[in-house]
Amino acid sequence: MPQDPMDFEWSYWIEWGREHILWLLAGHLLVSQVSRLLVEKYKPWCLMVYGMTACWLLLGIKGFAVILLHAAISFVVAQFQLSLLTWSCSLILLSTLHIPAVEETKRKWYDTENEYYLLLFTVSVRCLFCTSFSLEYCWHAQTQKSSHSFAWMLAYVFYYPTFHNGPLVNFNEFSKQMRRQEAFSVKTNLSILTVGIIRIFFWWCLAELMIHLMYIHALYSSALPLESASYWALGGLALAQVLFFYVKYLVLYGVPALLLQMDGLKPPPLPCCVSLMHSFTKMWRSFDVGLHRFLVRYIYVPMGGSQSSLLGTLFSTALTFAFVSYWHGGQSYLWYWGALNWLGVIVENGTKRILSISPVQDLI
């Protein structure tokens with residue numbers, strides 16, 4: 001039975017995974033386990049060299065140079081230790097992804113659109129990693145700069161399991177865990193790997209079953225069946241779509257999360273099932289946990305967060321969702337999506353504050 005071809009993200013990453021990325025991830029696993037067994041002290045540098053080599057092989061010398069250039073520019077700007085300057089640099093680098101002349105130049109480097117999109121997706125994710133490192137550099141004392149060297153930035157930026165699509169791991173967590181030397185057990189790691197592969201294979205089978213039998217995205221791409229469907233049917237389609245999105249990311253984040261575990265790191269928790277969520281706030285906290293931690297640490301809290309006044313909280317929340325919308329591409333529908341999510345979070349938190357007032361609690 002033919003599959004639903006309308007979910008670009010799933011088809012795209014599965015195709016790249018089968019042809020190249022899974023093999024390169026297997027190579028990373030081999031290098032990681034050998035370095036943990038023989039040269040634990042030099043594991044970050046072994047993985048850095050491997051990640052740079054994998055990037056070169058998959059994106060070519062020009063793609064590799066773009067990512068290296070972004071990292072170098074971010075590191076130089078971070079030397080001024082000004083958070084606002086670092087953010088300005090990050091946003092400017094991110095904006096270069098949408099300059100038509102730059103896009104056209106990068107397209108000419110590759111034979112197919114898929115290769116260009118791989119560079120685009122990779123650079124957009126690397127921008128977040130460069131931002132995380134640079135802000136941590138700004139916030140740390142001079143005595144701690146040795147642990148925030150350019151070599152450590154490259155080890156972080158070129159860490160291959162999270163290279164193309166995440167999940168996002170903040171630099172403070174990455175460096176602390178990567179420096180930690182633990183007892184290495186081949187038997188334990190083999191057990192983790194076996195269980196992890198079985199789980200991911202089950203999720204992949206479930207996603208493939210859904211995309212071969214349900215045709216959710218094909219139905220959404222045509223107005224005629226949607227116009228003739230009842231409200232119950234539309235609700236069922238919406239639920240089916242978000243459930244597929246959840247299963248899809250169990251696979252897309254599950255593979256790198258497993259490799260993070262094999263490297264002795266603690267990955268962000270995998271997405272929580274959307275059927276268990278009943279609020280915008282919980283959705284943002286527990287679906288993409290790595291992105292949520294990034295947004296809270298580098299945008300929400302520095303701008304005041306929940307500790308500031310009501311207007312301050314509204315502003316810091318709006319700024320957080322504005323960045324998410326811009327980072328995802330900045331198209332008009334993404335701004336509407338971000339605004340609706342911001343409104344949902346504000347209404348929920350406002351309702352909680354009202355319900356926490358003593359007279360209201362007594363009335364209830």
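Residues numbered from 1 in each chain as written. Predicted model: local features only at pLDDT ≥ 70, side-chain atom pairs only at ≥ 80, totals over all residues. Heavy atoms only, no water.

## Brief notes about the UniProt feature "transmembrane region" (unreviewed entry) in the protein
Working step 1: Taken from the UniProt record, the annotation "transmembrane region" (unreviewed entry) applies to residues 20–39, 51–78, 84–102, 114–135, 150–169, 190–211, 231–252 and 310–328.
Working step 2: The straight-line gap between the two end C-alpha atoms of residues 51–78 is 23 Å; of that span, 100% is helix and 0% is strand.
Working step 3: Between the C-alpha atoms that bound residues 84–102 there is a distance of 25 Å. The span itself is 79% helix and 0% strand. (UniProt positions renumbered as here; feature names shortened; annotations may be inferred. Helix = DSSP H or I, 4+ residues; strand = E, 2+ residues; numbered from the N terminus.)

## Comments concerning the nonpolar core
Buried together is how nonpolar side chains tend to be arranged in soluble globular proteins.
Working step 1: Leu59, Ile67, Phe158, Tyr160, Phe174, Phe294 and Phe323 are the most contacted members of the largest nonpolar core, which totals 90 residues.
Working step 2: Here this core takes 14 residues from helix α2 (residues 43–78), the largest share from any one element.
Working step 3: Two domains each put at least three residues into this core: domain 1 (8–180) and domain 2 (269–363).
Working step 4: Sequence-distant contacts of isoleucine 67, defined by excluding residues within four places in its chain, comprise Cys55, Leu59, Thr122, Val123, Arg126, Val157, Phe158 and Phe163. (Core = buried A, V, L, I, M, F, W, Y, C linked by side-chain atoms within 4.5 Å. Buried < 20%, exposed > 50% of the residue type's maximum accessible area, 1.4 Å probe, protein only. Domains from an automatic or database assignment. Contact = heavy atoms within 4.5 Å.)

## Let's talk about a nonpolar patch on the surface
Working step 1: Taken together, Leu30, Val34, Leu37, Leu38, Val39, Tyr42 and Val186 make up a surface patch of nonpolar side chains, about 690 Å² in accessible area.
Working step 2: The dominant element in the nonpolar patch, judged by the number of residues it contributes, is helix α1 (residues 8–38), at 4 residues.
Working step 3: Within the secondary structure, leucine 30 sits in helix α1.
Working step 4: Judged by relative accessible area, leucine 30 falls into the exposed class, the value being 57%. (Patch = residues over 30% accessible without salt bridge, like charges linked within 9 Å, V, L, I, M, F, W, Y side chains within 5 Å. Areas by Shrake-Rupley, 256 points an atom, 1.4 Å probe, with all protein chains shown as cover. Salt bridge = Lys/Arg side-chain N within 4 Å of Asp/Glu carboxyl O.)

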